[in-house]
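Observations on the model geometry
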2 protein chains.
Amino acid sequence: MATIQDVARAAGVGVGTVSRVLNGSPLVSDTTRARVQGVIDELGYRPSSLARALSLGRSATVAVIVPHFTRPSAVERLRGLADVIKESDYDLVLFDVETSDQREQRFSMAAQADRAAGLVIVSLSADPDEVGRLAGASVPAVFLDRHVEGLPDVHIDDHAGGRMAAEHLLGLGHRRVAFVGDDDEAGFGFTSSDDRLAGYREALEAAGAPLDPTLVRTGPPSREAAHRLTADLLDRPEPPTAVFAVSDLQAFGVIEAARERGLDVPGDLSVMGFDDIDVSAYLGLTTVRQPLYHSGRLAAEMLLHLLDDAGAEVEGVALPVELVVRKTTGPPR
Amino acid sequence: MATIQDVARAAGVGVGTVSRVLNGSPLVSDTTRARVQGVIDELGYRPSSLARALSLGRSATVAVIVPHFTRPSAVERLRGLADVIKESDYDLVLFDVETSDQREQRFSMAAQADRAAGLVIVSLSADPDEVGRLAGASVPAVFLDRHVEGLPDVHIDDHAGGRMAAEHLLGLGHRRVAFVGDDDEAGFGFTSSDDRLAGYREALEAAGAPLDPTLVRTGPPSREAAHRLTADLLDRPEPPTAVFAVSDLQAFGVIEAARERGLDVPGDLSVMGFDDIDVSAYLGLTTVRQPLYHSGRLAAEMLLHLLDDAGAEVEGVALPVELVVRKTTGPPR
DNA sequence: GTACCGGCTGGAACCAGTTCCAGCCTGGGT
DNA sequence: ACCCAGGCTGGAACTGGTTCCAGCCGGTAC
């Protein structure tokens, strides 16, 4: 690889001049600029972004920290983020988080301005200590899918979403309903599932049909796990007539388990999810829609705004959720 | 942020000694090591991975270059890559490619050892010139979902996959079949679609039912695009009795378009896809399965092997494809 | 008592950029 | 003819690490 030194030598100029040409400084004469540019093209010289970042103390990348980035909902958010960031001068780099260790590591990396110019943290919460560090860091951060006091975020009202689900099922006449959600084994600080459960539970209680604690199951956020949890629920002496799953992905696991037992959906069991991912419309899943793609775009726009204007004050945004009734819920037998 | 200088000063040692402590060199006495470590902990010092990479001339990241990374098949491959890489000492960073410009930029970046220690290039081809540069670069590269002469790769036999699809449809009695595939507008060098088409066409010709050129449609690799292309196909005076889509995602677009016209699948139209993504089993889609997740794992393992042992010779791997017959194909009316 | 050896240490040089400062040269004003 | 301003340029210093080289110090051998 050619370096800026090589270019300077070959062009018979100083490194400063080459740097000025690279960065479009006006303090270079047209003839010198042309000569240097010629040498750059000839040598196929590419400046090292690494050395540049070290020297400048900032890089041209936006880091996205996201747990389980292959979940459909995460992918959809990433699509929104990527669509906005690709229009900017920044590169997007994705940091996957699968373990609690990695979470710590990502967060500590976060404050290093030279690794990333800005940060989008997806689905992870931060404790007050971490919030303080992030707020004090020179790298702006935006939280996505999580409300954080004191830092910009894009989130939804999970509590209201859970309530909507309960009200829909109650409206159809269900009284014995279940919940399939996430546990937070890895300690990521996921709270969406719990918040939705709280809203769900409250609405049920308010309607005089309190949630049976034995009908609340949690596990990893995968179809397979939801399948297993549901199989267990359906084996109980008094099985539920409806299940609210905390994501569409999990709802599909629930439906699978029901079909495996020869149950008709929604005849024998109503099932609803959360998110409204791509395939849900296709499959006729009743769900609570949250604007996944849009939330990604919005978070990216907020971050770019912060990067553009370091002093900018950016407000957190709460996006609406919406009940989408399709074919997997109906009145109980 | 504290630097290694700050640590050296605070501990009353030289920077060399701090560096040795950081890297576990045996050339440090236990007492000095303890004192330096104490200062490191006290100051909360974190070495700059950037400076480290610049100094060493190599970084601890694996770069994955992938176009349209939110496609289900790309996501599934990424899952395999991520699962392997997270077990190693390397970080995975994802470089999205959406435009031809970005493709160039990613490739030129590729050769810079200081940005990434190794490279996985997904679904993109390289011309001989690029192959030469990559082969000569100090950064090992593995191609995934593309066979490249002279560099390690993980690929499938797309031609055979296309043939399988044709043979399945012919076996059911179809004679007038269509193809919905990808164009390569962005100039990424996608060839899977064309290779599958070639295999499909050959098998049809061999059976005496040559492919009608007006029944071959290509567009972007999205459900929506496939939907539109199919609508057009079905509007023709002599519509096909079966459609082979080049991906499952596109097959769903085909099915949507058929349903929109009140056609029964597979009664009025047989539809098959390619990939066997997660939801395909669920939806009963007939398809040609390729091992997406496994291919990601394999590519990552090959790359880690190359990183471990610079001299290692790694052979390209061809993975098998397999016909999976489900409910969206049947005999024509 | 001196030479030597080896463990440990400090610091300079280096990686590839950016930026600041000093200095050159030229042109215009007096 | 001389001075000065201002455009352009070269190069040193700096970013935060690693590594090599020289040197210090203690102990052992002769």
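Up top is the structure.
First, a word on scope: everything that follows refers to the structure included in this document. For clarity, every value in this text was computed on a predicted model and none was experimentally measured. Residue numbers restart at each chain and count upward from 1, following the sequence in its written direction. To read the labels, note that chains go from A and ligands from 1, taken in the order they are written. Only residues with pLDDT of at least 70 get local features here, since the model is predicted, and only at 80 or more are side-chain atom pairs given and counted; chain-wide, interface and lining totals rely on the full set of residues. Just so you know, side-chain values use all the structure's heavy atoms and leave hydrogens and water out.

**Thoughts on the overall build of chain A**
Within chain A, the regular secondary structure consists of 13 helices and 12 strands. Taking 2.2 N^0.38 as the reference for a compact globule, 333 residues should give roughly 20 Å; the C-alpha atoms of chain A span a radius of gyration of 26 Å, well beyond that estimate. Dimensions of chain A, computed from C-alpha atoms along their principal axes, come out at roughly 85 × 35 × 30 Å. Sequence separation of at least 24 residues holds for 71% of the intrachain contacts in chain A that already meet a minimum separation of 6. Per-residue and other accessible areas were derived by the Shrake-Rupley procedure at a 1.4 Å probe size, with only the shown protein chains allowed to occlude residues. Approximately 13900 Å² of chain A is accessible, and the part contributed by carbon and sulfur atoms is 50%. Here chain A contributes 32 positive and 50 negative side-chain charges, whose respective centroids are spaced 4 Å apart. In this text, helices come from DSSP runs of H or I with a minimum length of four residues, and strands from runs of E with a minimum of two, each type numbered from the N-terminal end. C-alpha atoms define the radius of gyration in this analysis, and the globule rule sets the expected value at 2.2 Å times the number of residues to the power 0.38. Every residue pair with non-hydrogen atoms within 4.5 Å of one another is taken to be in contact. We treat Lys and Arg as the positive residues and Asp and Glu as the negative residues; His and chain ends play no part in the count. Each charge is placed at NZ for Lys, CZ for Arg, CG for Asp and CD for Glu.

**Description of the protein's contact with DNA strand C**
Around DNA strand C, the structure places 28 residues, and the nearest of them are Ser19, Arg52 and Ser55 of chain A together with Gly14 and Thr32 of chain B. Of what DNA strand C places within 4 Å of the protein, 68% of the atoms are sugar or phosphate. For DNA strand C, a phosphate oxygen lies 2.8 Å from a polar atom in the backbone of Gly14 of chain B. Think of a polar contact as two N or O atoms within 3.5 Å of one another; within protein, one of them needs to be a possible hydrogen donor and the other a possible acceptor, and neighboring residues in sequence only count if both atoms come from side chains. Contacts to DNA strand C include Arg20 of chain B, whose side-chain N or O atom sits 3.0 Å from a base nitrogen. Those elements giving two or more residues to the surface near DNA strand C turn out to be α2 (15-22) and α4 (49-56) of chain A together with α2 (15-22) and α4 (49-56) of chain B. Throughout this document, a residue counts as near a molecule or strand when at least one of its heavy atoms sits within 4 Å of that molecule or strand.

**Considering the pattern of salt bridges**
Any carboxyl oxygen of Asp or Glu that lies within 4 Å of a side-chain nitrogen of Lys or Arg is treated as forming a salt bridge with it. Applying the stated criterion across every chain yields a total of 34 salt bridges over all chains. Glu256 of chain A is paired through a salt bridge with Arg223 of chain A; the nearest N and O atoms lie 3.2 Å apart. Of this pair, Glu256 of chain A sits in helix α11 (residues 248-260) while Arg223 of chain A sits in helix α10 (residues 223-234); the two residues are 33 residues apart in sequence, bridging distant segments of the chain. Only protein chains enter the calculation, and the probe is 1.4 Å; a residue is then buried if its accessible area is under 20% of its type maximum, exposed if over 50%, and partly exposed in between. Judged by its relative accessible area of 14%, Arg223 of chain A is buried. Between Asp268 of chain B and Arg333 of chain B there is a salt bridge, with its nearest N and O atoms 2.6 Å apart. Remark: Arg333 of chain B occurs in the segment after β12 (322-324) and Asp268 of chain B occurs in the loop between α11 (248-260) and β9 (270-275); sequence separation between them is 65 residues. The partly exposed category is assigned to Asp268 of chain B, whose relative accessible area is 29%. Three or more residues are tied together by salt bridges with common partners; here these are Asp276, Arg289, Glu322 and Arg326 of chain A.

**Details of the interface of chain B and chain A**
Every contact between the two is made by 40 residues of chain B and, on the other side, 40 residues of chain A. The tally of links from chain B across to chain A stands at 2 salt bridges. Its salt-bridge partner being Asp278 of chain A, residue Arg223 of chain B comes within 3.2 Å of it at the nearest N-O pair. Counting across the chain B and chain A interface gives 2 residue pairs in polar contact (both at pLDDT 80 or more). Counting residues per element, the ones that place at least two in the side of chain B that touches chain A are α4, α5 (72-85), β2 (91-97), α6 (100-110), α11 and α12 (278-283) of chain B. With 6 residues, the single largest contributor to the side of chain B that touches chain A is β2 of chain B. Residue classes in the side of chain B that touches chain A are distributed as 19 nonpolar, 8 polar and 13 charged. Charged residues are taken to be Asp, Glu, Lys and Arg, nonpolar residues to be Ala, Val, Leu, Ile, Met, Phe, Trp, Tyr, Cys and Pro, and polar residues to be all remaining types, Gly included.

**Some details on the protein's contact with DNA strand D**
The full set close to DNA strand D counts 29 residues, and Gly14 and Thr32 of chain A together with Ile4, Ser19 and Arg52 of chain B are the nearest of them. Counted by atom, the contact set of DNA strand D within 4 Å of the protein is 67% sugar and phosphate. Arg20 of chain B places a side-chain nitrogen or oxygen 3.2 Å from a base nitrogen of DNA strand D. Contact between DNA strand D and Asn23 of chain B: a phosphate oxygen at 3.1 Å from a side-chain N or O atom of the residue. Elements that contribute at least two residues to the surface near DNA strand D include exactly α2 and α4 of chain A together with α2 and α4 of chain B. With 5 residues, α4 of chain B is the largest single contributor of residues to the surface near DNA strand D. Looking at the surface near DNA strand D residue by residue, the class counts come to 12 nonpolar, 13 polar and 4 charged.

**Quick look at the relation of the copies chain B and chain A**
When chain B is fitted onto chain A, the two copies agree to an RMSD of 0.2 Å after a turn of 180° and an axial shift of 0.2 Å. Given the turn and translation reported, the copies of this chain are related as if by a two-fold rotation axis. Residue by residue, 100% of the interface of chain B is reproduced at the interface of chain A, so both copies engage with the same surface. C-alpha atoms of residues with pLDDT of at least 70 in both copies form the basis for the least-squares superposition of the copies.

**Observations concerning the packing of α5 of chain B against helix α13 (residues 292-308) of chain B**
Residues and elements named next belong to chain B. Two elements in contact, α5 and α13, have axes separated by 7 Å at closest approach and are oriented at 40°. With respect to α13, the element α5 is oriented oblique. Along this stretch, α5 crosses α13, giving a crossing that reads as right-handed. Contact with α5, carried on its side by Ser73, Glu76, Arg77, Arg79, Gly80, Leu81, Asp83, Val84 and Ile85, involves Leu292, Tyr293, Ser295, Gly296, Arg297, Ala299, Ala300, Glu301 and Leu304 of α13 and no other residues of that element. Class assignment of the residues belonging to the contact of α5 with α13 gives a composition of 8 nonpolar, 4 polar and 6 charged. To get an axis, fit a line to the C-alpha atoms, keeping to the stretch in contact for a helix; angles then go from 0 to 180 degrees between the N-to-C directions. Angular relationships are summarised with four words: roughly parallel below 35 degrees, roughly antiparallel beyond 145, roughly perpendicular across 65 to 115, and oblique for the angles in between. Two helices crossing with the near one rotated counterclockwise from the far one by less than a right angle form a left-handed crossing, whereas a clockwise rotation gives a right-handed crossing.

**Quick word on unusual backbone geometry**
Of note, the bond from Val265 of chain A into Pro266 of chain A is cis; its omega dihedral lies within 30 degrees of zero at 10°. A positive phi angle, close to 65°, is found at Ser123 of chain B, a residue other than glycine. Turning to its location among the elements, Ser123 of chain B is positioned in the loop between β3 (118-122) and α7 (128-136). Phi angles above zero are rare outside glycine, and Asp276 of chain B is one such case at about 60°. Structurally, Asp276 of chain B can be placed in the loop between β9 and α12.

**Here we look at the nonpolar core**
Only buried residues count toward a nonpolar core, which is a set of Ala, Val, Leu, Ile, Met, Phe, Trp, Tyr and Cys residues joined through side-chain atoms within 4.5 Å. If you look at the biggest cluster of nonpolar residues, it comprises 100 residues, and the most contacted ones within it are Leu81 and Tyr200 of chain A together with Leu81 and Tyr200 of chain B. If we skip the residues at most four places from it in the chain, Tyr200 of chain B touches Gly162, Arg163, Ala165, Ala166, Leu169, Val177, Ala178, Phe179, Leu211 and Phe244 of chain B.

**Examining the pairing of strand β4 (residues 141-144) of chain B**
Residues and elements named next belong to chain B. With burial as the criterion, each face of β4 is covered, one bearing Ala141 and Phe143 and the other bearing Val142 and Leu144. For the handedness criterion, the strands are oriented away from the viewer, and a crossover whose path from the first strand over the helix to the second runs clockwise is classed as right-handed. Chirality of the crossover, the property in question, places the unit of β3, α7 and β4 among those that are right-handed. When DSSP finds two or more bridges between a pair of strands, those strands are recorded as paired. Summarising the sheet, β4 and strand β5 (residues 153-156) pair through 2 bridges and their orientation is parallel. If you follow Leu144 over to β5, its bridge partner there is Val154.

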